[in-house]
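Structural characterization, general
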Amino acid sequence: MLFYDINKPNFMQGFLMSSIKRLLKKYGKNRLHLITFLKELQAEKGFIAEKEVQKLAEALGLSMTEIEGVITFYHFLTDKKPGKYVVYLNNSITSEMAGMEEVARSFEQEAGCRFGETSADGLITLLQTSCIGMNDQEPAALINDVVFTCLNQEKVKKIVAWMRQGKPVQEMVEEFGDGANRHELVRAMVKNNIRKAGPVVFGDFKPGEAIRKALDMAPEEVIEEVKKANLLGRGGAGFPTGLKWEFCRKEKNGEHYVICNADEGEPGTFKDRVILTERPQMVFEGMAIAGYAVGAKLGLLYLRHEYTYLKKYLEHVLQKMREEGILGQNIAGKGFDFDIEIKMGAGAYVCGEESALIESAEGKRGEPRDRPPFPVQKGYLNQPTTVNNVETLATATQIITHGAGWFRSMGTPVSAGTKVLSVSGDCEKPGIYEVEFGLTIKELLEMVEARDTLAVQVGGPSGNCISEAGFDRKICYSDLATGGSIIIFNKTRDLFAVVRNFLDFFIEESCGWCVPCRAGNVLLRKKFEKIAAGRGTLQDLKEIEAWGKIIKSTSRCGLGQTSPNPVLTTLANFRELYESRINKEADFIPEFDLKEAVAEACEITGRKFTEEHEHA
Amino acid sequence: MPEKIKFFIDGKECLAERGQTIYEAAKANGVYIPILCHFEGLKPVGSCRICSVRVNGRWMASCTQPVTEGMMVENQTPEVEEYRKAIIEMLFVEGNHFCPTCEKSGNCELQALAYRYQIMVPRFPYLFPRKDVEAFPTFLLDHNRCVQCRRCVRAIETKDGRKIFAMKNRSGQVRINVDRKLAAKMSEEEAQKAMEICPVGAILKKEVGFKVPIGKRKYDFKPIGSEIEEKSEGVKNE
Ligand SMILES: Cc1cc2nc3c(=O)[nH]c(=O)nc-3n(C[C@H](O)[C@H](O)[C@H](O)COP(=O)(O)O)c2cc1C
Ligand code: SF4
Ligand code: SF4
């Protein structure tokens, strides 16, 4: 990232004009590229100035408010000038468990400013962000888009000292991770931590074989094979992939599109990052196979902003595939054209929801759409679009190579094949495990060497918090479904802190469109705090359950529809914990605690609080 | 004759045009489903969720969901009504609504819904957020009262299709953001239209107030929704 002295107005003005002109020339005067424009402008000097918003608005025929709406929607876009170095410290629960508080304090001490602020010398801005997909190497942070893992006090001291010397961020990375993380185009300290490579995603793979084989089949036969394999979506919802492709293919009108969902925002999920690092071509071939099946010529990889460090490398893989004739025009000489573009996200969990993702890919605020119409009917640019998860597409590639029968010989009858799990939290061996469906939680805990386990969060905050009573349950679509996130908590952990972290996550990440999710979750959190503080009654437990149900039922998209799960599933599986916190005698305790509210005033004035029983 | 779809609302047989939403079809059949964010003629957005109904155990917003053949819609069942009431209460605690001093009192759809649902005190704690009041040449925007229905966003545009009102931020920080330059060019009539389209007292035209005295306003005479229900009773009596 480059920084210029924006105190020199003349220099900047000329620079400004030319960069917007250059962008419009490069991408065309199309609002479709708005987020790309904004990201490139921000990359130049750290923020998007009002003047630029005005110029862009004029060029694109938008109002300034429309553009401001987009900027303020995303975590990683800003219209306020930040420091030269911007630290985004991950605040997910695994980061908290690994010592985030201490790391945060030392950043504050060293930088001389609090989180949410910029240091007085304008050098450092400290911010927090939701899960960045590094849960097995926490506490982690993004500094000017470069990933820093396993942070501690010493590392923070060293990093801030380097910042004072003006060292470029990339040069602060001294150790590199394993596998392709060492590739010259990646050079990240990120680790793959593949603990168990299974036969599908991390199995044998001969580049080019699957796409060649697919192109020798009719598109309908490709769909049939995927249907026969009973491949269910790996992104969380578990929709049958073959059926989705068939629906999309059947839409006769317009261009068709394939989108690979690499937004991976569910806290505790990092398997798509590792798949993209180690098996990018398997994913891209899967996109081409999907494209052939549905009749598309273009595929988009929607890559979350947090994985910017993989972009150049992935582009390089795409370029290599083009050169080898398995992407682009006339693939493998079989007359099929298909290419892939990378679209970058800008930081928003809700953009993993497929219709919000499409909005974001069109350069807008990532707000979900109403369904119907479904993306397969009207998706990207209102054209038939199939959105699939990274792992789903990689798996489809292997199904085409090895056949549906091979695939169905693994897993369970309903949940065929393998699942790549990302395991983090309290265990000896956190990381990536590709396992067959049907594995019990108990077997998984042994595999990852977890001891004294109190709870296992399956499927991230939107999933289910399982107690020991459920350790015989199986990971599969008909029992415990998961998009890949497994977070383990041992008996020293306070589950209330976990629930609080998850509730805060949903409050922060709600797109704000609909009332139950936007307001309801804040109210749910208030009620939860009352109970956690020991001021709850049995009535409060009933109410929190009822409120959770209202939010789940009436919210507009999957985010709101799952957001009360942290409370509801812990309440169902750890009821005794809640009961031990409440006041069983009282019928009613008011929301407002007068004694607490005046405590500070009492201390300052040296007066004692006395309960008023009689009114004069 | 175009083919009609048969469906049911609380057991009552109804007919819908193909492509009609549950809300539209209900209205055409004289059944009131409460709405707040929806406005006749604008594309529905399903933001308030007050029109939620239940079909086969699944919840959906009736303003965006098309009717399908044989659909059994639960509209006035206790649970559906209870959930709607909760959402209305959420809106009251999420903003700062001091009805007695509001120019829109009596014409306000949120207030009218609260009366219809007999809300005395919300079950939720008040959040007392800090929100601003902004002034523009022809109107005021009081964020304290905004329910983020997006009607203004959908309805008010410049002639060349630029949005004068747009959404800003995310989550609980979502606000209506007005383009100052474009708003400065809004005429008196456009300000009037904006005020009328706003269901609450968030957009107020400047320099008019209490022209119609409180007590003589729209919902002071009849509860919200009665215009639809009366029509249906009229049909029955014929
Ligand atoms: C709030 C929310 C976030 C989501 N995030 C992701 C994500 O990061 N990656 C993903 O593949 N699917 C995500 N999904 C699911 C997608 O909407 C969609 O179902 C999926 O991409 C379809 O791909 P699949 O069928 O291959 O699983 C999310 C859904 C919701 C409601
Ligand atoms: S449930 Fe509603 S507010 Fe929440 S993310 Fe979905 S659309 Fe946005
Ligand atoms: S200002 Fe009025 S019309 Fe606009 S979103 Fe708010 S409540 Fe709705």
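As a convention, each chain's residues are numbered from 1 in the sequence order in which they are written. Labels are handed out in written order, letters beginning with A for the chains and numbers beginning with 1 for the ligands. Per-residue local features are limited, in this predicted model, to residues with pLDDT of at least 70; the limit for side-chain atom pairs, both in listing and counting, is 80 or more; totals at the level of whole chains, interfaces and linings are taken over all residues. Computation of side-chain values: all heavy atoms of the structure, hydrogens and water removed.

Considering the domain arrangement of chain A
Residues and elements named next belong to chain A. Domain delimitation follows an automatic or database domain assignment. Under the domain assignment, chain A is made up of domain 1 (9–73), domain 2 (85–174), domain 3 (196–407), domain 4 (418–490) and domain 5 (496–579). Throughout, a residue-residue contact means that at least one pair of heavy atoms, one from each residue, lies within 4.5 Å. Domain 3 puts 25 residues into the contact, and the matching count from domain 4 is 22 residues. Taken over both partners, the interface formed by domain 3 and domain 4 buries close to 1700 Å², and the fraction arising from carbon and sulfur atoms is 59%. Defined in terms of a 1.4 Å probe, buried area is the accessible area two parts forfeit on being brought together, summed over both. For the domain 3 face of the interface with domain 4, the top three residues by lost area are Lys196, Arg234 and Phe270, together amounting to 33%. Here a salt bridge means any side-chain nitrogen of Lys or Arg lying within 4 Å of a carboxyl oxygen belonging to Asp or Glu. The interface formed by domain 3 and domain 4 includes one salt bridge. Of the charged contacts, one joins Lys419 and Glu391 as a salt bridge, the two residues approaching to 2.5 Å between their closest N and O atoms.

A look at the domain arrangement of chain B
Residue and element names in this part refer to chain B. When the domains of chain B are assigned, the result is domain 1 (5–76) and domain 2 (86–208). Taking only C-alpha atoms into account, the centre of domain 1 sits 25 Å from that of domain 2. Where domain 1 abuts domain 2, roughly 1300 Å² becomes buried across the two surfaces, and 68% of that area is made up of carbon and sulfur atoms. A 3.5 Å cut-off defines polar contacts: any pair of N or O atoms within that distance qualifies, except that in protein one atom must be a possible hydrogen donor and the other a possible acceptor, and neighbouring residues in sequence count only when both atoms are side-chain atoms. Counting across the interface, domain 1 meets domain 2 through five residue pairs in polar contact (both at pLDDT 80 or more). Classes in brief: Ala, Val, Leu, Ile, Met, Phe, Trp, Tyr, Cys and Pro nonpolar; Asp, Glu, Lys and Arg charged; the others, Gly included, polar. Split into classes, the residues belonging to the side of domain 1 that touches domain 2 amount to eleven nonpolar, three polar and two charged.

What to know about the packing of aromatic side chains
Two rings belonging to Phe, Tyr or Trp (six-membered ring only in the last case) form a pair when the distance between their centres is within 6.5 Å. Interplanar angles under 30 degrees mark stacking, angles over 60 mark edge-to-face geometry, and anything in between is tilted. For the structure shown, the criterion picks out 20 aromatic pairs over all chains. Ring geometry for Phe76 of chain A against Tyr88 of chain A: centres 4.5 Å apart, planes inclined by 65°, an arrangement best described as edge-to-face. With Phe76 of chain A in the loop between α4 (64–73) and β1 (85–90) and Tyr88 of chain A in strand β1, this residue pair connects regions lying twelve residues apart in the sequence. When accessible area is computed with a 1.4 Å probe and restricted to protein chains, residues below 20% of their type maximum are described as buried, those above 50% as exposed, and intermediate ones as partly exposed. Judged by its relative accessible area of 5%, Phe76 of chain A is buried. Note on Tyr88 of chain A: relative accessible area 12%, which makes it buried. Here the aromatic rings of Phe136 of chain B and Phe139 of chain B are separated by 4.9 Å at their centres, their planes lie at 25°, and the arrangement is stacked. When its relative accessible area of 2% is taken as the criterion, Phe136 of chain B is described as buried. Looking at Phe139 of chain B, the relative accessible area reads 0%, which means it is buried. Every member of this aromatic cluster is reached through a ring pair, and the members are Tyr292, Phe336 and Phe338 of chain A. Lysine NZ or arginine CZ positioned within 6 Å of the ring centre and within 35 degrees of the ring normal marks a charge as sitting over the ring. The positively charged end of Lys45 of chain A is found above the aromatic ring belonging to Phe47 of chain A, 4.7 Å away from the centroid. Against the face of Trp162 of chain A rests Lys167 of chain A, its NZ or CZ located 4.1 Å from the ring centre. Numbering of helices and strands runs from the N terminus, with a helix taken as a DSSP run of H or I at least four residues long and a strand as a DSSP run of E at least two residues long.

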